[in-house]
Amino acid sequence: MAYFFPTASHTFNEYLLVPGYTSLECRPENVSLRTPLVRYRKGVEEPAMHLNVPMVSAVMQAVSGDKLAIALAQEGGVSFVYGSQSIEDEAAMVARVKSYKAGFVRSDSNITPDATLADVLAMREKTGHSTVAVTEDGTADGKLLGIVTSRDYRVSRMTGEEKVAAFMTPLEKLVTAPEGTSLKVANDIIWDHKLNALPIVSKEGKLVAFVFRKDYDQHKAKPNELLDEHKRFVVGAGINTRDYAERVPALVEAGVDVLVIDSSEGYNERQKITLEWIREHYGDSVKVGAGNVIDADGFRFLADCGADFVKVGIGGGSICITRETKGIGRGQATALIEVAQARDEYFKETGVYVPVCSDGGIVHDHHITLALAMGADFVMLGRYFARFDESPSQKVNVNGTLMKEYWGEGSNRARNWQRYDLGNSKRLSFEEGVDSYVPYAGPLSDNVQLTLAKVRSTMSNCGALTIPELQEKARLTLVSSVSIVEGGAHDVVLKTTNQPV
């Protein structure tokens with residue numbers, strides 16, 4: 001006879017935190033969100049890798065490209081570059097993140113001198129950037145001939161047909177700096193010459209990067225930047241259980257810091273074989289997470305296989321329809337609670353602490369705090385990050401509202417058959433994800449800072465200044481459907497919509 005779990009499975013939305021005693025020290029500015037990313041022997045050694053904030057981005061085409069990886073690392077988290085692309089393309093994305101120098105920006109607005117003002121305006125509309133590099137071939141690393149900024153033209157007095165060469169600021173009138181200039185020296189030049197942008201140029205005269213006045217201020221304002229020992233941004237990448245023998249070496253060569261096996265269900269022999277191959281060829285020098293699992297048995301299996309962290313969740317993502325199509329899964333909150341308990345028991349038995357990542361089920365910001373309180377060391381987010389400027393998807397206008405495209409790895413659009421591979425033919429037999437839109441939300445930094453402000457505030461209300469302290473002190477209560485309604489605005493008419501709620 002089949003085994004029946006004795007209790008129903010629950011989602012994050014069915015729980016609330018109950019406030020605890022709050023001392024004078026329990027203020028949001030005193031809260032630390034530092035958390036381990038990979039396994040370690042607690043009390044004997046420090047984790048080889050930490051996160052400065054408990055957020056990582058999902059291994060998805062619509063979420064984790066190199067731009068988002070840089071932006072998230074600046075805030076203290078890690079992005080896992082999606083693996084449903086060629087090995088060469090994924091490695092190139094990782095390499096771009098690792099070669100990025102904080103404060104040095106590769107130009108994404110480039111044009112030739114034969115282009116017109118209309119072309120400049122179209123590019124500005126597309127990228128949102130007013131500084132356009134004029135290069136010999138119109139590429140980001142072509143020979144620099146000049147730049148165009150909004151001070152170089154007046155749309156009201158020009159036809160739009162004027163050639164860029166006629167109104168650009170030519171190279172001989174620009175202040176530039178040679179390749180290899182440090183960020184400090186570059187910013188001294190900017191301030192000495194009252195510049196908004198400083199082109200960095202190679203000895204061959206090719207554009208290398210820009211240093212912008214505004215970026216220097218932003219860089220100083222990001223104390224949580226997640227950097228490796230060489231002061232480069234930390235980046236992760238997804239792998240699968242089919243081509244790992246070719247993909248892993250390429251990603252390691254590109255400089256990847258941490259890997260994760262991207263699979264809809266991780267309690268299987270293929271993950272064990274993949275982990276064994278990595279340990280055989282790299283020992284503990286390559287850090288790799290595994291998953292996904294939704295119970296204690298799945299966690300212990302992957303922990304025993306040597307996973308550096310374990311992801312929890314099946315079918316809980318907003319674009320995932322695995323539960324609907326296959327009837328398999330579990331409420332994210334219930335799954336996380338059981339796996340976190342298994343993690344603690346495993347630590348007591350072995351002395352090895354294996355971090356748990358909650359993957360899916362996050363709808364509201366406060367769900368992150370609930371996940372941490374339930375035992376997660378960090379959370380993986382897809383829809384959340386897909387809304388931002390830095391995600392790889394297109395921004396579109398849908399019925400007058402700005403949206404971003406968002407599709408699941410199990411959708412026909414992504415066709416990531418490796419993620420759902422059960423040893424059948426190299427194709428998706430049916431969809432386990434949908435193609436959709438999410439509301440456009442602007443830049444990553446502003447949104448992440450707001451979200452984490454809420455997390456810190458809630459932790460303070462619980463009397464906790466660290467994530468382990470929250471997990472020790474948190475008190476949670478299940479809520480009824482009526483209580484959920486009571487928790488939002490009700491019995492009033494909202495001024496913004498004039499609609500009763």
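Everything numeric here is computed off the predicted structure, so don't read it as measured data.

Engineer: Give a description of the pairing of strand β16 (residues 287-293) that names residues and reports values.
Structural biologist: For β16, the buried fraction is high: seven of the seven residues fall into the buried class. With three bridges joining them, strand β15 (residues 258-261) and β16 adopt parallel strand pairing. Within β16, the position partnered with Val-258 by the bridge is Lys-287. What joins β15 to β16 is helix α8 (residues 269-282), and the crossover it makes is right-handed. Looking at chain direction, β16 and strand β17 (residues 310-312) are connected through three bridges and run parallel. Opposite Gly-291, over in β17, you have Lys-311 as the bridge partner.

Engineer: Account for the nonpolar core, with residues named and values stated.
Structural biologist: Core analysis: the largest hydrophobic core is formed by 102 residues, its most contacted members being Leu-37, Met-55, Val-78, Phe-80, Leu-259, Phe-299 and Phe-385. For Leu-259, the contacting residues outside a window of four places in its chain are Phe-80, Ala-237, Ile-239, Val-248, Leu-251, Val-286, Lys-287, Val-288, Gly-289 and Phe-309. Ranked by size, the runner-up nonpolar core spans 12 residues in total, among them Ile-111, Val-148, Tyr-153 and Met-168.

Engineer: I'd like to hear about helix α9 (residues 296-305), residue by residue, with values.
Structural biologist: Within the sequence span of α9, burial applies to Gly-298, Phe-299, Leu-302, Ala-303 and Cys-305. All buried residues of α9 project into a common sector of 160 degrees when viewed along the axis, lining one side. For α9, the secondary structure elements touched by its buried residues are α8, β16, β17, α11 (332-350) and β19 (356-359). Gly-306 lies just past α9 and shows a positive phi near 100 degrees.

Engineer: Just give me the short version of α11, but keep the residues and values in it.
Structural biologist: Counted at 1.5 Å a residue, the expected span for α11 with its 19 residues is 27 Å, and the 26 Å between its end C-alpha atoms agrees. Within the sequence span of α11, burial applies to Gln-332, Ala-333, Thr-334, Ala-335, Leu-336, Val-339, Ala-340, Ala-342, Arg-343 and Tyr-346. Following α11 by one or two positions, Gly-351 adopts a phi angle in the positive range, close to 80 degrees.

Engineer: Account for the sheet that holds β17, naming residues and giving values.
Structural biologist: Strand pairing within a sheet occurs via backbone hydrogen bonds; the two strands may be parallel or antiparallel. The strand order around the closed barrel formed by eight strands is β5-β6-β14-β15-β16-β17-β19-β20, and the pairing between neighbours is parallel. Ignoring strand direction, the axes of neighbouring strands in this sheet form an average angle of 30 degrees. Pairing geometry for strand β5 (residues 55-57) and strand β6 (residues 78-81), over two bridges, is parallel. Across the sheet, the residue bridging to Ser-57 is Ser-79, located in β6. Here helix α7 (residues 244-254) sits on the sheet in contact with β14 (236-239) and β15, set at roughly 170 degrees to β14.

Engineer: Describe the environment of Leu-476, listing the residues and the values that go with them.
Structural biologist: In this fold, Leu-476 is placed in strand β24 (residues 475-478). Separated by 459 residues in sequence, Leu-476 and Leu-17 place their C-alpha atoms 4.6 Å apart. Beyond its immediate chain neighbours, meaning those up to four positions away, Leu-476 contacts Tyr-15, Leu-16, Leu-17, Leu-370, Ala-373 and Met-374.

Engineer: Tell me about the packing of α8 against α9, and name the residues and values.
Structural biologist: It is at 9 Å that the axes of α8 and α9 come closest, and there the two elements cross at 20 degrees. With respect to their mutual orientation, α8 and α9 come out roughly parallel. Handedness of the α8/α9 crossing: right-handed. Each of Glu-269, Gln-271, Lys-272 and Leu-275 in α8 lies in contact with α9, whose residues at this interface are Phe-301, Leu-302 and Cys-305. In terms of residue class, the contact of α8 with α9 is built from four nonpolar, one polar and two charged.

Engineer: A description of the pairing of β14 should follow, citing residues and the corresponding values.
Structural biologist: Burial of the side chains of β14 extends over both faces: Gly-236 and Gly-238 are buried on one face and Ala-237 and Ile-239 on the other. For β6 and β14, the ladder comprises two bridges, and the chain directions are parallel. If you follow Val-81 over to β14, its bridge partner there is Ala-237. In the sheet, β14 pairs with β15 via four bridges, with the strands oriented parallel. Each residue of the ladder has a partner; that of Gly-236, found in β15, is Val-258.

Conventions and cut-offs
Residues numbered from 1 in each chain as written. Predicted model: local features only at pLDDT ≥ 70, side-chain atom pairs only at ≥ 80, totals over all residues. Heavy atoms only, no water. Buried < 20%, exposed > 50% of the residue type's maximum accessible area, 1.4 Å probe, protein only. Helix = DSSP H or I, 4+ residues; strand = E, 2+ residues; numbered from the N terminus. Pairing = 2+ DSSP bridges. Right-handed = clockwise from strand over helix to strand, strands pointing away. Core = buried A, V, L, I, M, F, W, Y, C linked by side-chain atoms within 4.5 Å. Contact = heavy atoms within 4.5 Å. Arc of directions from axis to C-beta. Expected span 1.5 Å × (residues − 1). Axes fitted to C-alpha atoms, helices over the stretch in contact; angles between N-to-C directions. Parallel < 35°, antiparallel > 145°, perpendicular 65-115°, else oblique. Left-handed = near helix turned anticlockwise from the far one by under 90°. Nonpolar A, V, L, I, M, F, W, Y, C, P; charged D, E, K, R; others polar.

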